[in-house]
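Each chain is listed here by its residues.
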Amino acid sequence: MAPQSSTESADAPPPPEAVFGLLWPGKAAALAEAETPSRARCACDLAGDESLVIEGDNLDALKLLQAGHAGRIKLIYIDPPYNTGAEALYPDDFAAPRVGRRQAKGGEDRGRLHAAWLNMTYPRLILARRLLRDDGVIFISIDAAELANLILVCDEVFGEANRIEVFSWVRTTTPAALAGKTKKVVEFLLCYERQRSGQVYRGVEKPVRSANPLLNQSNPPGELVFPAGAVTTALPDGAVPAGAYGSAAYVVELLADARVEGGRFVSALRLRGRFRWRQAYLEAQLAMGVVIYIATARLIPAYAKARYGPEALPNLIDAKVGVGTNETATAELRSLLGDDFADLARRMRPKPVSLLSYLIEAVCGPDDWVLDFFAGSGVTGQAVLEGNARAALCRRFILVQSPQATGRADCSTIAEIARRRLDAVVARLGHGAGAGGPPYGLVKLEPA
Ligand SMILES: C[S@@+](CC[C@H](N)C(=O)[O-])C[C@H]1O[C@@H](n2cnc3c(N)ncnc32)[C@H](O)[C@@H]1O
């Protein structure tokens, strides 16, 4: 390390060239913005115990939520505008000059776009972090347009050491070839913990394989005694005489007569063969609920674990873990709102309920709070309501969505789309959704 010059003191701020991180025009003002009071007010109590849909700007909502919810939220999921300029029901083109897309692709204009998007995102992330519990987790959906910037700004806000993963989510199975160069199959989910801890995320359970062989030709011959009742079988009821069984490759000897009744060996089963297991291990496995199965009269035993525990999350999120795509999500929203809303559902660019359920089940306990402050059509609320109904849980959600106009007279804002979606879900779930009372409250922010 270079020696300190005599003019440097330990308290002096580091020179700009020594600071690692992302700088952009307007950053200082965006930081200050997080500390200014909300420009909106709310006529009712935001600190209660019920789920909420808040209609208003999320910067104001995040400020107003601090009083009652700081350090209370277990999971934040957000799906902000990606700043791609793509056609959507909401603005997705930050500070782009309105003189055509060609200009916006130039270097200086790209810089303006990124800076404006970061100025929107930065104070919201700072405020969001304060709402997380110490063991809270945030997932942020994003695509390649702002991925690099978002990682750097999140590293600053949440700490690089608290960055858990950059997940890839398979967003489509029918990608278009962009200018013949690439097909965009995945987008991303950044995941940070407020304070990195040893908490384990619950993925899906591995399916049970029913036929793991207990014999292995290269093992030395040995004897195993399976206790009476421990071995299930497809053999018919009756006696099974001692003798040589198995196949040319797998020799099995039954050392004492046995008996089958009702799909089970009701006598102890004494077998000799080239087993993978010794007697003590067999007994330990049986005590853990492992199932031993003999399918045919060859008496070759196989085993199946009773259950595998949930797996750690793979960093690819796709159909293999039960999560759908953009196409699934649009169809879900359309089916809840009606065919008349097909175009609106597509332009909403929603996420599938299965994605949100997957994230919620991975980290949340039975009565945790979940926050989504770019709520769009309210998919996060649907996932919480359905999860509660499925397993009689009491998780609560807070959704924030601005009253962005849709251009439709019969459903004039995106916040209204979210309300309609949640009403349709509640109607479908009946009492399961809200344990008797209203499953969520509606709140509108007003100018302060
Ligand atoms: C990508 S969409 C979210 C889609 C959502 N995940 C879903 O599945 O329906 C982003 C949403 O954030 C909303 N939004 C953007 N800026 C906002 C702000 N400042 N306050 C509140 N909502 C905002 C947009 O209107 C849009 O509905």
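A quick note: this is a predicted structure, and the numbers were derived from the prediction, not measured.

*Asks:* So what's going on with the overall build of the chain? Which residues, and what values?
*Replies:* Helix and strand content of the chain: 11 helices and 23 strands. Across the 448 residues that make up the chain, the buried fraction comes to 46%. Nonlocal contacts in the chain, meaning residues at least 24 apart in sequence, comprise 75% of its contacts between residues at least 6 apart. Here the chain displays about 21700 Å² of accessible surface, and carbon together with sulfur accounts for 55% of that area.

*Asks:* Any details on the sheet that holds strand 17 (residues 269–273)? Residues and values, ideally.
*Replies:* Taken together, the four strands give an open sheet; going across it, the order is 10-17-14-13, and neighbouring strands pair in antiparallel fashion. Of all strands in the sheet, those with a lone pairing partner are strand 10 (222–226) and strand 13 (243–246), marking the two edges. Averaged over neighbouring strand pairs, the angle between their axes works out to 30 degrees when direction is ignored. Where strand 14 (residues 251–254) meets strand 17, two bridges bridge the pair, whose relative direction is antiparallel. Paired with Glu253 across the strands is Arg272, a residue of strand 17.

*Asks:* Break down helix 7 (residues 326–337) for me, citing the residues and quoting the values.
*Replies:* With 12 residues, helix 7 extends 17 Å between its outermost C-alpha atoms, agreeing within 8% with the 16 Å of an ideal straight helix rising 1.5 Å per residue. Buried positions along helix 7 lie against helix 8 (342–347), helix 10 (379–391) and helix 11 (414–429). Of the residues flanking the end of helix 7, it is Gly338, one or two places downstream, whose phi is positive at about 110 degrees.

*Asks:* Would you mind going over the packing of aromatic side chains in detail, with residue names and values included?
*Replies:* For the structure on display, the rule yields eight aromatic pairs. Ring centres 5.9 Å apart and planes at 45 degrees place the aromatic pair Phe397 and Tyr440 in the tilted group. One end of the pair, Phe397, is in strand 22 (residues 396–401); the other, Tyr440, is in the loop between helix 11 and strand 23 (441–447), with 43 residues separating them in the sequence. Residue classification places Phe397 among the buried residues on the basis of a relative accessible area of 0%. For Tyr440, a relative accessible area of 10% puts it in the buried group. Members of the aromatic cluster, joined through ring pairs, are Trp277, Tyr281 and Tyr303.

So, how was this worked out
Residues numbered from 1 in each chain as written. Predicted model: local features only at pLDDT ≥ 70, side-chain atom pairs only at ≥ 80, totals over all residues. Heavy atoms only, no water. Helix = DSSP H or I, 4+ residues; strand = E, 2+ residues; numbered from the N terminus. Buried < 20%, exposed > 50% of the residue type's maximum accessible area, 1.4 Å probe, protein only. Contact = heavy atoms within 4.5 Å. Areas by Shrake-Rupley, 256 points an atom, 1.4 Å probe, with all protein chains shown as cover. Pairing = 2+ DSSP bridges. Axes fitted to C-alpha atoms, helices over the stretch in contact; angles between N-to-C directions. Expected span 1.5 Å × (residues − 1). Phe/Tyr/Trp six-rings, centres within 6.5 Å; stacked < 30°, edge-to-face > 60°.

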